[in-house]
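Here are the chains, one letter per residue:
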Amino acid sequence: MLTPKMKSLINQLWDNFWSGGIANPLTAIEQISYLLFMRRLDEVDLKLKKDAEWTGEKYTSLFDGTFQSPQMNKKIDKQTLRWSHFKQLEGGEMLTHVQTEVFPFIKQANGKESVFAKYMADAVFIIPKPSLLIEAVTIIDALYAEIEGQTQAGQTFHDTQGDMYEFLLSEISASGKNGQFRTPRHIIKLMCELVSPKIGETIGDPACGTGGFLLGAYHYILTTHTTKKLITKDEDGFERGFGDKLTDERLWTALREKTFFGYDFDTTMVRIGLMNLLLHGITHPNIERVDTLSKKYNEDDQYDVILANPPFKGSIDKGDINEGLSLKTTKTELLFVNRLINSLKVGGRASVIVPDGVLFGSSNAHKSLRKMLIEECELQGVVSMPSGVFKPYAGVSTAILVFIKGGTTERVWFYDMQADGYSLDDKRDRIVANDLPDIVEEWNRRGTVHRAWEGNDHPHVIPGEDPGSRKARTDDIPDSDRESRKKKHFFVPVNEIIDNNYDLSINRYKEIDYTPPKYDKPEVILRNIKKLEKEIFSDLEELK
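## Description of the overall build of the chain
Here comes step 1: Along its length, the chain carries 20 helices and 15 strands.
Here comes step 2: Classification of the 544 residues of the chain by burial places 52% in the buried group.
Here comes step 3: Of the roughly 26100 Å² of accessible surface on the chain, a fraction of 50% belongs to carbon and sulfur atoms.

This is how it looks when you write it as structure tokens:
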């Protein structure tokens, strides 16, 4: 958890970049990430070297030998590329050294053939002034001193470092371009609870941005492998642990190298996503730059779990749409859900954020997608979110869809989220009202309710229909279901949804108690008006 001092230092870092001439937040976070990475490389290498000396094992330092910079016709002693070395240099000398020698070196630090090196190849270090570099180096050192203090107080290093990076990312206010919105972290945590990713599964995000969903799944898995007494609750009320029960190194290797897969069409986002995962301890991140709606992507039937918040708007060149996507549309918010279904293994689970229009849009493509979710998948839940969840970037209303590929939809669980723990205006201040814990609790109870319904001898079977058929079991709606429609959460039988043109908007099914207001009779109202007029005229006369 971040201390007030750490938040203050991060805000100071942003201010310095702004006043130093790097006003674009995406550019600033990219440059800050490079500096963080330089410092971590030095620190990790020194620790590994010390560990090797203690155990007597052989260790080859990343900073041993020389480095041939592509920009300099000379061989450079790698020891001079350490953070601890160059931070001692004079400002102008430090800037030149970092630009021409250190930065080319770190671009290959994860191995020349690594995914990281591949996407760092075109990266540029553009901090323009020595004074800005000195200020940034000083603040980053102060931040890591704070992290060290937190580590000694019981927090894990990667947790605190990850929180710091997440706080940095939260300041990316340039989001919204092409309908891309950074997903609030408490919404990511909620979605992870809804699909419950497990170790050994493959987890994907076809529009991963900074990698928030992949990290959310990572932390969820770690928490499920943490001793109960060591689990803490974060500021949003979600449990958090560090995976102390994972004692088999092979499981850690699988988790860090073969579990998380992300894609994004923006190179900057890919770089930030890679560094975000690295700084959280995922040593071999798998994030590729590719448009997953295009013909270049071919990863069908690959993932056990997919978590995503794909772009809400925009369209794609019709000629470049992947042939495997069956929807006849260029609308990306529809095609991405089609992509999720295709990319899941049969039995795979998905949780995805969609704009409200997807739930009730009247075009053939909208209806076809909803039909696909109902008839080719088991649509398990629709969590309607209030407009304001994505403020200050957008005020659009959205919903979370939860489904399993290849199942059979019988009833769909709806939840009407009215508060997410933050004000729904541009400030997004923390408030007491918060439906998220209730959503998790009711979602987990949902299976019990469903089984109880199944064990009730299907009392609503239509005579002449096969009791196991969808129509027989769901056409008639019991009074108890009708009553529950006035609550925040309730089930809707699939045939009712089909009869409503596959409409998935909660407003279609929710019932609201309406008490008509009582008015006086017209003659009473007229009498009161006349009385009021007399009083007004009387007051006017007194004023004269």
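Moving on from the coordinates now.
## Comments concerning empty space enclosed by the protein
Here comes step 1: Counted under the stated rule, the structure contains 3 cavities of 30 Å³ or more.
Here comes step 2: Size it by volume and the largest cavity reaches roughly 50 Å³.
Here comes step 3: Contributing to the lining of the largest cavity are 11 residues, with P206, A207, D264, F265 and F336 lying nearest its centre.

## Examining the pattern of salt bridges
A side chain of one charge can pair with a side chain of the opposite charge when the charged atoms of the two come close.
Here comes step 1: Tallied over the entire structure, the rule returns 23 salt bridges.
Here comes step 2: Residues D141 and K87 are paired through a salt bridge, measuring 3.1 Å at the closest nitrogen-oxygen approach. Note that D141 is positioned in helix α6 (residues 130-152) and K87 in the loop between α3 (83-86) and α4 (91-106), a separation of 54 residues in sequence.
Here comes step 3: D141 sits in the buried class, given a relative accessible area of 17%.
Here comes step 4: Overall, K87 belongs to the partly exposed group, its relative accessible area being 33%.
Here comes step 5: The partner of D236 in a salt bridge is R430, with the nearest N and O atoms 3.4 Å apart. Separated by 194 residues along the polypeptide, D236 in the loop between β4 (232-233) and β5 (239-240) and R430 in strand β14 (residues 430-434) bring together distant segments of the chain.

## Considerations on helix α9 (residues 212-224)
Here comes step 1: Spanning 13 residues, α9 covers 18 Å between terminal C-alpha atoms, matching the ideal 18 Å at 1.5 Å per step.
Here comes step 2: Counting buried positions along α9 gives 12 out of 13 residues, so the element sits mostly inside the fold.
Here comes step 3: Taken residue by residue, α9 has G212, F213, L214, L215, G216, A217, Y218, H219, Y220, I221, L222 and T223 as its buried positions.

## Section: the nonpolar core
Here comes step 1: In terms of nonpolar packing, the biggest core is built from 102 residues, with M38, F125 and I400 touching the most fellow members.
Here comes step 2: Discounting residues that sit within four places of it in the chain, M38 has contacts with W83, F86, V98, V102, F103, I106 and F125.
Here comes step 3: In terms of nonpolar packing, the next biggest core, distinct from the first, is built from 45 residues, Y297, L340, L359 and V492 among them.

## Quick word on a nonpolar patch on the surface
Here comes step 1: Residues L532, I536, F537, L540 and L543 make up a contiguous nonpolar surface patch of about 550 Å² in total accessible area.
Here comes step 2: With respect to the helices and strands, L543 occurs in helix α20 (residues 522-543).
Here comes step 3: For L543, a relative accessible area of 72% gives the class exposed.

## Considerations on helix α8 (residues 185-195)
Since there are 3.6 residues in each turn of an α-helix, residues three or four apart along the chain are aligned in direction.
Here comes step 1: Taking burial as the measure, the 11 residues of α8 include 9 buried ones, the bulk of the element.
Here comes step 2: When α8 is considered as a whole, its buried residues turn out to be R185, H186, I187, I188, L190, M191, C192, L194 and V195.
Here comes step 3: With its phi angle positive at about 45 degrees, S196 sits one or two positions after the end of α8.

## Describing the side chain of S484
Here comes step 1: Within the secondary structure layout, S484 lies in helix α17 (residues 479-484).
Here comes step 2: When near neighbours in sequence (up to four residues on either side) are disregarded, S484 contacts H489 and F490.

## Examining the environment of S196
Here comes step 1: Relative to the elements of secondary structure, S196 occurs in the loop between α8 and β3 (203-205).
Here comes step 2: In contact with S196, other than residues within four places in its own chain, are E201, Y220 and R349.
Here comes step 3: At 3.0 Å, the side chain of S196 forms a polar contact with the side chain of Y220.

## Re the sheet that holds strand β11 (residues 398-405)
Here comes step 1: Spatial ordering of the open sheet is given by β7-β6-β3-β8-β9-β11-β10-β12-β15, a layout of 9 strands whose pairing is mixed. Of all the strands in the sheet, the pair left with one neighbour each is β7 (286-289) and β15 (489-493). Pairwise comparison of adjacent strand axes, ignoring direction, gives a mean angle of 15 degrees for this sheet.
Here comes step 2: Direction of pairing for strand β9 (residues 344-355) relative to β11: antiparallel, over a ladder of 7 bridges. Following the sheet pairing, I353 is matched in β11 by I400.
Here comes step 3: Lying over the sheet, helix α14 (residues 364-375) contacts β10 (377-385), β11 and β12 (411-416), oriented at roughly 120 degrees with respect to β10.

## Digging into the packing of aromatic side chains
Here comes step 1: Applying the stated criterion across every chain, the model contains 13 aromatic pairs.
Here comes step 2: Look at Y218 and F260: their rings are 5.9 Å apart centre to centre, the planes differ by 90 degrees, and that puts the pair in the edge-to-face class. Taken together, the residues Y218 in helix α9 and F260 in strand β6 (residues 260-264) connect sequence positions 42 residues apart. Assigned by exposure class, Y218 and F260 land together as buried.

## What to know about the packing of α8 against α9
Here comes step 1: Between α8 and α9, whose axes approach to 9 Å, the crossing angle comes to 55 degrees. Taken together, α8 and α9 sit at an angle that is classed as oblique. Like other packed secondary-structure pairs, α8 and α9 cross with a definite hand, here right-handed. Contact residues: R185, I188, M191, C192 and E193 in α8; G212, F213, G216, A217 and Y220 in α9.
Here comes step 2: Grouping the amino acids of the contact of α8 with α9 by side-chain chemistry returns 6 nonpolar, 2 polar and 2 charged.

## Some words on the side chain of S33
Here comes step 1: Of note, S33 is situated in helix α2 (residues 25-55).
Here comes step 2: The residues contacting S33, other than those within four sequence positions of it, are Y165 and M275.

## Focus: unusual backbone geometry
Here comes step 1: With a phi close to 60 degrees, N501 is a non-glycine residue in the positive phi region.
Here comes step 2: Along the chain, the position of N501 falls in the loop between α18 (494-499) and α19 (506-509).
Here comes step 3: Located in the positive-phi region is Y502, a residue other than glycine, with phi close to 60 degrees.
Here comes step 4: Along the chain, Y502 turns up in the loop between α18 and α19.
Here comes step 5: According to the relative accessible area criterion, Y502 is buried, its value standing at 7%.

Calculation criteria
- Residues numbered from 1 in each chain as written.
- Predicted model: local features only at pLDDT ≥ 70, side-chain atom pairs only at ≥ 80, totals over all residues.
- Heavy atoms only, no water.
- Helix = DSSP H or I, 4+ residues; strand = E, 2+ residues; numbered from the N terminus.
- Buried < 20%, exposed > 50% of the residue type's maximum accessible area, 1.4 Å probe, protein only.
- Areas by Shrake-Rupley, 256 points an atom, 1.4 Å probe, with all protein chains shown as cover.
- 1 Å grid on protein atoms, 1.4 Å probe; cavity = no way out; pocket = protein on both sides within 12 Å on 5 of 7 lines; lining within 4 Å.
- Points joined across faces, edges and corners; volume = space filled by probe spheres on them.
- Salt bridge = Lys/Arg side-chain N within 4 Å of Asp/Glu carboxyl O.
- Expected span 1.5 Å × (residues − 1).
- Core = buried A, V, L, I, M, F, W, Y, C linked by side-chain atoms within 4.5 Å.
- Contact = heavy atoms within 4.5 Å.
- Patch = residues over 30% accessible without salt bridge, like charges linked within 9 Å, V, L, I, M, F, W, Y side chains within 5 Å.
- Polar contact = N/O pair within 3.5 Å; in protein donor to acceptor, adjacent residues only side chain to side chain.
- Pairing = 2+ DSSP bridges.
- Axes fitted to C-alpha atoms, helices over the stretch in contact; angles between N-to-C directions.
- Phe/Tyr/Trp six-rings, centres within 6.5 Å; stacked < 30°, edge-to-face > 60°.
- Parallel < 35°, antiparallel > 145°, perpendicular 65-115°, else oblique.
- Left-handed = near helix turned anticlockwise from the far one by under 90°.
- Nonpolar A, V, L, I, M, F, W, Y, C, P; charged D, E, K, R; others polar.

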